[in-house]
Amino acid sequence: MPTINLNIPAGAFNPAFLPFLDTMGRYEIFYGGAGSGKSRFAAQKNIIKACRQRRKILVVRKVGRTLRDSVFAEIREVLTAWGLAEYCNVNKTDMTIELPNGSLFLFKGADDPEKIKSIQGLTDIWIEEATELTKADFTQLDLRLRAVKDPQLILTFNPVNVTHWIKKHFFDQDRGATILKTTYQDNRFLDPGYRELLENLKEEDFYFYQVYALGEWGTLGELILTNYVIEEYDTNPEYYKNVHSGLDFGFTMPAALCQIGERDGDLYVLDELYRAKLTNQELIDAVEALDHVKDYPIVADSAEPDRIKEFQQRGFKVTGAKKGKGYKKYAIDTLRRRKIHIHPRFVNFKNEIGAWQYKKTADGTVLEEPVEFNDHLMDALIYATEHLRAGPRKVKVGRFPGYW
Ligand SMILES: Nc1ncnc2c1ncn2[C@@H]1O[C@H](COP(=O)(O)OP(=O)(O)OP(=O)(O)O)[C@@H](O)[C@H]1O
Ligand SMILES: [Mg+2]
């Protein structure tokens, strides 16, 4: 078999991570602030392992649906950067990548434990955004690496909450884990705009600054919405009233859409989309690919009329959100009076609502203003529920299916 000589310069790595390239601890934890290079490094390290020996690597996130645009894309990006992609067998449908030496990358959601259980002979697991997993999810994965030579389980995440099980399990007790904390300061490849955004968090909010800029375990402040439950239910909009989607545009920051329906006075999240770096046409394609979104009205951020127009030209029922003075505060008041049901597969929605909080001044006074960070789906939620605040309905009865 021909040999591929892979020569990767040290400059391809961030120096903080380099000492961890060859370490083979059973548990390796790369945590810290946003944009520090954790995910990129985990991809690099796993690829190098897979090149050196025949490995079978499972890459996991909580929700299977989120794999394609994150970890699958990340692994492919590194393979391309290193000139390896052309030698690999990349199956986009099944999301598998086979290296010429037989090493294999598989991508699965922890929300589908049966699929994970059926995989034999794993040598490695990389859990991306590990704080999304429950401890039971983790235990299941850990068991998959029993009785294997040189097994390795890598966890990457932001330290979102000091009460998290990962903190108790790996930080408050000695499990022999290798732990590296990094922040944006450790990433020489970071976009300068993103660096500035993280530094500005210092003025904006202590919690987000703590977690995403400093990479420290967060202590949450005053949460805006706590009236929600995470549970399974049927997300087909046919079973709900007043179905609307809210759409918040983005590019560097993700574009976010959530579809909300009503039943017995409660609000139900029926779909979500959360993707960065999409052109408007790509975003329209992505929204079109969602099962039931195009059939129902969408209320979008009115700051971007051109984008709204392009959606309308593609046959979407989109209007611009009415934002008036103090609309957010009013919106929050109405949202607090409803119970919000969140299906566990809407992991981005769950993450945002769980950390959406009020600004706090340095002396600890809580202001009545939400922190403007990681709130894209919360903005979308506000748009999607505009009709709740509209008094007499502005949309004619029967104009759109599902609206009465
Ligand atoms: N070694 C590298 N070579 C080239 N680009 C890199 C490298 N490391 C990081 N980057 C780039 O820096 C950005 C942030 O890196 P990455 O996504 O790995 O950060 P992260 O720590 O996982 O962030 P988050 O906590 O938000 O998930 C990405 O755009 C990534 O491509
Ligand atoms: Mg990451």
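It should be emphasised that the depicted structure is a prediction, and the values quoted were computed from it without experimental measurement.

**Considering the pattern of salt bridges**
Side chains that carry opposite charge are capable of pairing whenever their charged atoms lie near each other.
So, step 1. One pass over the full model with this rule turns up 26 salt bridges.
So, step 2. Between arginine 40 and glutamate 74 there is a salt bridge whose closest N-O contact spans 2.8 Å. Here arginine 40 is found in helix 1 (residues 38-52), whereas its partner glutamate 74 is found in helix 2 (residues 68-81), with 34 residues between them in sequence.
So, step 3. On the basis of relative accessible area, arginine 40 is assigned to the partly exposed category, the value being 32%.
So, step 4. Across the pair aspartate 124 and lysine 49 runs a salt bridge, and its minimum N-O distance is 2.6 Å. Pair noted here: aspartate 124 is in strand 6 (residues 124-128) and lysine 49 is in helix 1, with a separation of 75 residues, a long-range link. Take aspartate 124 and lysine 49: they sit in the same class, and that class is buried.
So, step 5. Ionic contacts of the salt-bridge type, sharing partners, join the residues Asp285, Glu288, Lys294 and Arg314 into one network.

**Focus on the site of ligand 1**
So, step 1. Ala12, Lys38, Ser39, Arg40 and Asn158 are the nearest of the 15 residues found near ligand 1.
So, step 2. At 2.8 Å from an oxygen atom of ligand 1 is found a main-chain nitrogen or oxygen belonging to arginine 40.
So, step 3. Interatomic distance of 2.9 Å between a side-chain N/O atom of asparagine 187 and an oxygen atom of ligand 1.
So, step 4. Contact with the protein chains covers 76% of the free accessible surface of ligand 1, which is 620 Å².

**Looking at the nonpolar core**
So, step 1. Of all hydrophobic cores here, the largest spans 34 residues; its most connected members are Leu225, Val269, Ile340, Phe349 and Leu381.
So, step 2. Among the elements that line this core, the one with the most residues is helix 12 (residues 376-384), at seven residues.
So, step 3. When neighbours within four sequence positions are excluded, leucine 225 is seen to be in contact with Leu335, Arg336, Ile340, Ile353, Trp356 and Leu381.
So, step 4. Membership of the second largest hydrophobic core comes to 30 residues, among which are Phe13, Phe72, Ile97 and Leu180.

**Notes on the confidence of the model for the protein**
Detailed reading of predicted coordinates is not advised where the pLDDT is low.
So, step 1. With 96% of its residues at a pLDDT of 70 or more, the protein shows a mean pLDDT of 92.
So, step 2. Overall, residues 392-404 carries pLDDT values under 50, and its contacts beyond four positions in sequence, including any with other chains, amount to 22 contacts.

**Here's the deal with the pairing of strand 12 (residues 266-275)**
So, step 1. Within strand 12, eight of the ten residues are buried, which leaves it mostly tucked inside the rest of the structure.
So, step 2. In terms of strand pairing, strand 11 (residues 255-263) meets strand 12 through nine bridges, oriented antiparallel. Bridge assignment links leucine 257 to a residue of strand 12, and that residue is leucine 273.
So, step 3. Where strand 11 folds back onto strand 12 in an antiparallel hairpin, the turn is made up of two residues, including aspartate 264, whose phi is positive at roughly 50 degrees.
So, step 4. Here strand 12 runs beside strand 15 (residues 340-342); their pairing, made up of two bridges, is parallel. Each residue of the ladder has a partner; that of tyrosine 268, found in strand 15, is histidine 341.

**What about the side chain of arginine 55?**
So, step 1. Turning to its location among the elements, arginine 55 is positioned in the loop between helix 1 and strand 2 (56-61).
So, step 2. On the basis of relative accessibility, which here comes to 4%, the residue arginine 55 falls in the buried class.
So, step 3. Among the polar contacts listed, one links the side chain of arginine 55 to the side chain of threonine 123, at a separation of 3.4 Å.
So, step 4. Apart from residues lying up to four places away in sequence, arginine 55 is in contact with Met24, Lys49, Ala50, Ser103, Leu104, Thr123, Asp124, Asp150, Pro151 and Gln152.

**A look at the domain arrangement of the protein**
So, step 1. On domain assignment, one finds that the protein holds domain 1 (10-194) and domain 2 (228-389).
So, step 2. The C-alpha centroid of domain 2 is placed 30 Å from the C-alpha centroid of domain 1.
So, step 3. For the pairing of domain 1 and domain 2, the buried interface totals around 700 Å² over both sides, and the portion due to carbon and sulfur atoms is 53%.
So, step 4. Of all residues in domain 1, the largest losses of buried area upon contact with domain 2 belong to Arg65, Asp69 and Glu132, amounting jointly to 55% of the total for that side.
So, step 5. For the pair domain 1 and domain 2, the interface holds two salt bridges.
So, step 6. Notably, a salt bridge pairs arginine 65 with glutamate 272, separated by 3.9 Å at the nearest N-O pair.
So, step 7. By residue class, the composition of the side of domain 1 that touches domain 2 is two nonpolar, one polar and three charged.

**Thoughts on the pairing of strand 7 (residues 152-157)**
So, step 1. The buried fraction of strand 7 amounts to six of the six residues, a majority that puts the element mostly inside the structure.
So, step 2. Of the two faces of strand 7, both are covered, the one formed by Gln152, Ile154 and Thr156 as well as the one formed by Leu153, Leu155 and Phe157.
So, step 3. Two strands pair when backbone bridges link them, and strand 1 (residues 27-32) and strand 7 are joined in this way by five bridges, in the parallel orientation. Looking across to strand 7, one finds that isoleucine 29 is bridged to leucine 155.
So, step 4. Strand direction decides the pairing type here: strand 6 and strand 7, joined by five bridges, are parallel. Note that in strand 7 the partner of tryptophan 126 across the bridge is isoleucine 154.

**Quick notes on the packing of aromatic side chains**
So, step 1. Counted according to the given criterion, the structure contains 23 aromatic pairs.
So, step 2. Between the aromatic rings of phenylalanine 138 and phenylalanine 170, the centroid separation amounts to 5.6 Å while the plane-to-plane angle is 85 degrees, which identifies the pairing as edge-to-face. Pair noted here: phenylalanine 138 is in helix 4 (residues 135-144) and phenylalanine 170 is in helix 5 (residues 165-171), with a separation of 32 residues, a long-range link. For the pair phenylalanine 138 and phenylalanine 170, one class covers both residues: buried.
So, step 3. A centroid spacing of 5.4 Å and a plane angle of 55 degrees characterise the contact between tyrosine 212 and phenylalanine 373, whose relative ring orientation is tilted. Remark: phenylalanine 373 occurs in the loop between strand 17 (366-370) and helix 12 and tyrosine 212 occurs in helix 7 (residues 206-213); sequence separation between them is 161 residues.
So, step 4. You can call tyrosine 212 buried: its relative accessible area is 10%.
So, step 5. An aromatic cluster is defined as three or more aromatic residues linked by ring pairs; in this entry it consists of Phe17, Phe20, Phe30 and Phe41.
So, step 6. A cation sits over an aromatic face here: arginine 263 above tyrosine 268, 4.9 Å from the ring centre.
So, step 7. One residue, lysine 294, lies across the ring of phenylalanine 316, its end atom 4.9 Å from the ring centre.

Calculation criteria
Residues numbered from 1 in each chain as written. Chains lettered and ligands numbered in written order. Predicted model: local features only at pLDDT ≥ 70, side-chain atom pairs only at ≥ 80, totals over all residues. Heavy atoms only, no water. Salt bridge = Lys/Arg side-chain N within 4 Å of Asp/Glu carboxyl O. Helix = DSSP H or I, 4+ residues; strand = E, 2+ residues; numbered from the N terminus. Buried < 20%, exposed > 50% of the residue type's maximum accessible area, 1.4 Å probe, protein only. Near = heavy atom within 4 Å. Polar contact = N/O pair within 3.5 Å; in protein donor to acceptor, adjacent residues only side chain to side chain. Areas by Shrake-Rupley, 256 points an atom, 1.4 Å probe, with all protein chains shown as cover. Core = buried A, V, L, I, M, F, W, Y, C linked by side-chain atoms within 4.5 Å. Contact = heavy atoms within 4.5 Å. pLDDT = per-residue confidence, 0-100. Pairing = 2+ DSSP bridges. Domains from an automatic or database assignment. Buried area = accessible area lost by both parts, 1.4 Å probe. Nonpolar A, V, L, I, M, F, W, Y, C, P; charged D, E, K, R; others polar. Phe/Tyr/Trp six-rings, centres within 6.5 Å; stacked < 30°, edge-to-face > 60°. Lys NZ or Arg CZ within 6 Å of the ring centre and 35° of its normal.

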